[in-house]
Amino acid sequence: MPLLQIFQLHEDESGLGYYRRLSAANALWKWRELASMAQVSRYKTGLFANPEFVASQLDLPLEWARKASKQDEKSRSLHRMHRQCYDAICPCCLDEELYLRQSWEHALITACSKHECLLIEQCTACGGWLSTEREYIELCPCGHDLRTSPIEKAKPALIWLSHLLSGKPSVACKPHIAHAEP
């Protein structure tokens, strides 16, 4: 069954984030309903194990489904360093473009190197963790728009580490670590 709205996934978008964004744009109840439409298992692996089948079922270009599968494979390769049950987000990034960045899935990436702020893992309104089962990536189930969350400036060391782990090391943001506590 074809979707009403389709769009290409961003170069740095999370694989599951892409399917979550497609689900929300097509008024589906979470990504699991999208998996049901594609006639695959309602587990994450159902969407990623056979991109050819998913692409044919949802009328998606095959290259997009393959890219989403590759992005998911990268995330799973992190093993214990992969955030699996909750998201981390940068409110500023979501405000600019509404999609989940691949790098945010790494548990040790705690800062947005672009906006130099800490990533948010819990809703600033209700304190709840940002579940990967949320219907809309920009909203907490309590109704709070995460794009309006207060921003906390990140320390240079966290920005540097996040840069390094995201595969985009920058000499410009090396931290000053003299006299730093471990």
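Please refer to the structure higher up on the page.
Overview of the structure.

Parameters and conventions
- Residues numbered from 1 in each chain as written.
- Predicted model: local features only at pLDDT ≥ 70, side-chain atom pairs only at ≥ 80, totals over all residues.
- Heavy atoms only, no water.
- Axes fitted to C-alpha atoms, helices over the stretch in contact; angles between N-to-C directions.
- Helix = DSSP H or I, 4+ residues; strand = E, 2+ residues; numbered from the N terminus.
- Parallel < 35°, antiparallel > 145°, perpendicular 65-115°, else oblique.
- Contact = heavy atoms within 4.5 Å.
- Nonpolar A, V, L, I, M, F, W, Y, C, P; charged D, E, K, R; others polar.

1. Some details on the packing of helix 1 (residues 15-25) against helix 2 (residues 30-37)
Two elements in contact, helix 1 and helix 2, have axes separated by 8 Å at closest approach and are oriented at 85 degrees. When the axis of helix 1 is compared with that of helix 2, the two are roughly perpendicular. On helix 2, the residues touching L16, Y19, R20, L22 and S23 of helix 1 are K30, W31 and L34. Residues of the contact of helix 1 with helix 2, tallied by class, amount to 5 nonpolar, 1 polar and 2 charged.

2. Some details on the packing of helix 1 against helix 5 (residues 62-76)
Put simply, helix 1 and helix 5 touch, their axes get as near as 7 Å, and they point 130 degrees apart. Taken together, helix 1 and helix 5 sit at an angle that is classed as oblique. For the pair formed by helix 1 and helix 5, the contact residues are G15, Y18 and Y19 on the first element and W64, A65, A68, Q71 and D72 on the second. Of the residues that constitute the contact of helix 1 with helix 5, the class distribution is 5 nonpolar, 2 polar and 1 charged.

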